[in-house]
Amino acid sequence: MARFILGRLIGGIVILWLVSVLAFVLFFVIPKALGNNPAVLFAGRSPDPATIAGVTKKLGLDRSYVDQYWDFLRGVFVGRHFDSGSDRSWCPAPCLGYSFRNDQPVWSQIVDALPVTASLSFGAAALFLVIGVSTGVFSAVRRGGLFDRIAAAVSLAGVSLPVYFTGLLLLLLVSYKWHIIDNVHYVNFTHNPALWAWNLIPAWLVLSLLYTANYQRLTRASMIETLGEDYVRTARAKGLPERTVIGKHALRPALTPIVTIFGLDLGVLFGGAILTEHTFGFRGLGAISIDAVNTQDLPVTMGVTLFAAFFIILANVLVDVTYAITDPRVRPS
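Caption draft 1: Layout of unusual backbone geometry. In this model, Ala93 is joined to Pro94 through a cis peptide bond whose omega is -5°. Note on placement: Pro94 falls in the loop between strand 2 (88-91) and helix 5 (106-141). In this structure, Asp103 takes a positive phi of about 60° despite not being glycine. By the element assignment, Asp103 lies in the loop between strand 2 and helix 5. Judged by relative accessible area, which is 40%, Asp103 ranks as partly exposed. Although it is not a glycine, His179 sits at a positive phi angle of roughly 55°.

Caption draft 2: How the structure looks around the confidence of the model for the chain. In this model, the chain carries a mean pLDDT of 84, and residues with pLDDT of at least 70 account for 95%. When pLDDT is averaged over each helix and strand of the chain, the minimum, 77, is found for helix 2 (residues 38-43) and the maximum, 91, for helix 5.

Caption draft 3: Inspection of the pattern of salt bridges at higher detail. For the structure shown, the criterion picks out seven salt bridges. Across the salt bridge formed by Arg283 and Asp291, the nearest N and O atoms sit 2.7 Å from each other. Connected via shared salt-bridge partners are Arg63, Asp67, Asp71 and Arg74.

Caption draft 4: Representation of the environment of Leu205 in the model. Of note, Leu205 is situated in helix 8 (residues 193-227). In sequence terms Leu205 and Gly167 are 38 residues apart; their C-alpha atoms lie 8.8 Å from each other. Non-local contacts of Leu205, meaning those with residues more than four positions away in its chain, are made with Leu127 and Leu170.

Caption draft 5: Summary view of the nonpolar core. One finds Leu207, Met223, Phe280 and Phe282 to be the most contacted residues of the largest nonpolar core, which totals 36 residues. Looking at this core, the elements that each hand over two or more residues are helix 5, helix 7 (163-177), helix 8, helix 9 (230-237) and helix 10 (242-271). It is helix 8 that provides the largest number of residues to this core, a total of ten residues. Contact partners of Phe280, with chain neighbours within four places excluded, come to Gly167, Leu171, Val184, Pro202, Ala203 and Val206. Counting 32 residues, the second-largest nonpolar core is a separate cluster that includes Ala39, Leu61, Ile288 and Val304.

Rules of the game
- Residues numbered from 1 in each chain as written.
- Predicted model: local features only at pLDDT ≥ 70, side-chain atom pairs only at ≥ 80, totals over all residues.
- Heavy atoms only, no water.
- Helix = DSSP H or I, 4+ residues; strand = E, 2+ residues; numbered from the N terminus.
- Buried < 20%, exposed > 50% of the residue type's maximum accessible area, 1.4 Å probe, protein only.
- pLDDT = per-residue confidence, 0-100.
- Salt bridge = Lys/Arg side-chain N within 4 Å of Asp/Glu carboxyl O.
- Contact = heavy atoms within 4.5 Å.
- Core = buried A, V, L, I, M, F, W, Y, C linked by side-chain atoms within 4.5 Å.

Now the structure itself:
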């Protein structure tokens, strides 16, 4: 097991490194090759040649691409200096550079936005995982019944309705019609945990509605297949209680595909639930990534990309490791 985990970790690190190389090429090498000097974006509107030259030197854009990438990679682990001669600054690790628009460290902007995205992601994930798996199990056990048909209809509606429609509709109801929450906004958990959860409930419901449908349908299909296996029939033939047969012998193997998509969905959510954050006005990773793309803020765009890639890769590694725990049939050799 230790060798299996180590191999997955090494593979994840290699993939993350390849993503960093690709992101550097896309955001810094290709624009400069096409004649769009990143130093002009950093220097502001209508910069003079001296200002552009100073920014080019400070950012190290006058060096070779290999040296620029090495400076960036080294800055992530140990920090780096930005030096234009008269202006010298130190960016502590993990250094992802400075924003072209506000000259603030990229990492500090990510840290500021991280609690918003984490609160939205983990809350919605817990909600759609519990509801989706529970309704999927009940639908499989009562296949063809009234509950199964209702759950199928709700799942179809959840998949069909986009987030920006359900989000705006819920905001209209809870804020303007029913006045349950007059001003939906993000509250720091440490300031007021109750108010934090109260303001996030609409976003959790909207985001979980979309994902719950997928988990309900996948759990139902997986449970129906598992309930037809020989070892499940054997467990019933031994006289075991139906709760034990479903919970211990059928549900655990059926969770394997659930673990797969949950790890991937959680990684994507943590990278930034862009539409949900934009709909409810939350300043998370999705919001700052949209702003960075609209303003051509290359360091912020690259930083958020790498941060999102890190969590997606981490989620994949955790999924591979969890396979051997949830399903006895899957064991690393």
